[in-house]
Amino acid sequence: MAKFKRQSKSAREAEIQEAAKKVFLEKGFRYTTMEDVVKRTTLSKGGVYQYYKTTKAILFDIMQNGNYFRYERTEKIVQESAGTESLAEVMTDACMAKLFDEVPEKKLYLMFLAEIPYDRDYETLYFQLEKQAFELLIKTLHYTPQQELELLAIIRHQEYFLFKIFHGMLVMHELFSDKDVFNQNKEKIRTIILTAMQNFFDRHQDLFNHFNR
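A. Seen up close, the overall build of the protein chain. The helix and strand tally for the protein chain stands at 12 helices and zero strands. Counting helices and strands in the order they occur from the N terminus, the protein chain gives α-α-α-α-α-α-α-α-α-α-α-α. Across its three principal axes, the protein chain shows a C-alpha extent of roughly 60 × 40 × 35 Å. For the protein chain, the proportion of its 213 residues judged to be buried stands at 46%. Per element, the accessible surface of the protein chain, about 12,600 Å² overall, is 54% carbon and sulfur.

Take a look at the structure:
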């Protein structure tokens, strides 16, 4: 008889999140209950509730893990661009990947955003996710801690609208099933993003002069 192996906390959380993803994508987040999630796991109801009390908490952790996925994806793009002189080109490639990558977390993200008008706690959670996303993005540039703080301040206080514009594009891309208007205009979209990136880096040239990959 095989010896019972106890799962680690992270493994159980991962199992619950994966089960929840499937139900959210099938039924929609708003119509998913904790009981639905429990049924998709190998854990008891008490076992699931030991880690998560609400579907909101599960979705938030899924969103946080999505930020780490995007960090790893961007880090790979930065590493692969070792011979590229233009930081604007590198960040444009990262934005294009974020916009066009087909991952289920993007649809789950829309479900998360859709809850904000009905429960303002989601708005608070959104800003936590946004802050995490900015910090992880900046880490891919391999700056000093002081430079990271300076860049974060620039993003939050001087250039925030640029990220909101891109965010709106991301939402519109994912919201509708027909993506032809995006897919048929990738080069135009890339040009728009690249121009915005180049202008951004030009406005803050002193900070980026010592970019080091």
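Once you've had a look at it, read on.
B. Representation of the layout of surface pockets in the model. Looking at the largest pocket, its volume works out to about 1,100 Å³. If you go around the largest pocket, you meet 44 residues; those closest to its centre are Lys-98, Ala-133, Phe-163, Phe-166 and Leu-170. Looking at the lining of the largest pocket, the elements with two or more residues in it are α4 (55-80), α5 (87-100), α6 (104-114), α7 (121-139), α8 (145-157), α9 (160-175) and α11 (186-203). Per element, the largest residue contribution to the lining of the largest pocket is 10 residues, and it comes from α9. Class assignment for the residues of the lining of the largest pocket results in 33 nonpolar, four polar and seven charged.

C. Region of interest: the pattern of salt bridges. A full pass over the atoms with the stated rule returns 19 salt bridges. A salt bridge links Lys-21 to Glu-105; its shortest N-O distance comes to 2.5 Å. Of the two residues, Lys-21 is situated in helix α1 (residues 9-27) and Glu-105 in helix α6; the sequence distance between them amounts to 84 residues. On the basis of relative accessibility, which here comes to 15%, the residue Lys-21 falls in the buried class.

D. The arrangement of the packing of aromatic side chains in detail. In this structure the tally under the stated criterion is seven aromatic pairs. Centre to centre, the rings of Phe-200 and Phe-201 are 5.2 Å apart; their planes meet at 75 degrees, and the pair counts as edge-to-face. Phe-201 shares its class with Phe-200; the two are buried. Taken together, the ring pairs connect Phe-24, Phe-29, Phe-112 and Tyr-122 into an aromatic cluster. The cationic tip of Arg-156 hangs over the ring face of Tyr-160; the distance from NZ or CZ to the ring centre is 5.8 Å.

E. Region of interest: the nonpolar core. Core analysis: the biggest nonpolar cluster contains 31 residues, and Met-91, Leu-99, Leu-151, Ile-189, Ile-193, Met-197 and Phe-201 have the highest contact counts within it. The greatest single-element share of this core, amounting to 10 residues, is contributed by α5. Look past the residues within four positions of Leu-99 in its chain and what remains in contact with it is Lys-106, Phe-166, Met-169, Leu-170, His-173 and Ile-189. Within the second largest apolar cluster, 28 residues are counted, among which are Phe-29, Val-38, Ile-58 and Leu-108.

F. View of unusual backbone geometry. One non-glycine residue with positive phi stands out, namely His-142, at about 55 degrees. Residue position: His-142 is located in the loop between α7 and α8.

G. Up close: a nonpolar patch on the surface. On the surface, a cluster of nonpolar side chains totalling about 300 Å² of accessible area is made up of Met-172, Leu-175 and Phe-176. Relative to the helices and strands, Phe-176 is located in the loop between α9 and α10 (180-183).

H. Examining the packing of α6 against α9 more closely. Their axes nearest at 10 Å, the elements α6 and α9 cross at an angle of 110 degrees. Compared by their axis directions, α6 and α9 come out roughly perpendicular. Side by side, α6 and α9 meet where Lys-106, Lys-107, Tyr-109, Leu-110 and Leu-113 of the first sit next to His-167, Leu-170, Val-171, His-173, Glu-174 and Leu-175 of the second. Among the residues forming the contact of α6 with α9, the class breakdown is six nonpolar, two polar and three charged.

Scoring rules and cut-offs
Residues numbered from 1 in each chain as written. Predicted model: local features only at pLDDT ≥ 70, side-chain atom pairs only at ≥ 80, totals over all residues. Heavy atoms only, no water. Helix = DSSP H or I, 4+ residues; strand = E, 2+ residues; numbered from the N terminus. Buried < 20%, exposed > 50% of the residue type's maximum accessible area, 1.4 Å probe, protein only. Areas by Shrake-Rupley, 256 points an atom, 1.4 Å probe, with all protein chains shown as cover. 1 Å grid on protein atoms, 1.4 Å probe; cavity = no way out; pocket = protein on both sides within 12 Å on 5 of 7 lines; lining within 4 Å. Points joined across faces, edges and corners; volume = space filled by probe spheres on them. Nonpolar A, V, L, I, M, F, W, Y, C, P; charged D, E, K, R; others polar. Salt bridge = Lys/Arg side-chain N within 4 Å of Asp/Glu carboxyl O. Phe/Tyr/Trp six-rings, centres within 6.5 Å; stacked < 30°, edge-to-face > 60°. Lys NZ or Arg CZ within 6 Å of the ring centre and 35° of its normal. Core = buried A, V, L, I, M, F, W, Y, C linked by side-chain atoms within 4.5 Å. Contact = heavy atoms within 4.5 Å. Patch = residues over 30% accessible without salt bridge, like charges linked within 9 Å, V, L, I, M, F, W, Y side chains within 5 Å. Axes fitted to C-alpha atoms, helices over the stretch in contact; angles between N-to-C directions. Parallel < 35°, antiparallel > 145°, perpendicular 65-115°, else oblique.

Shape is all these values report; function is a separate question.
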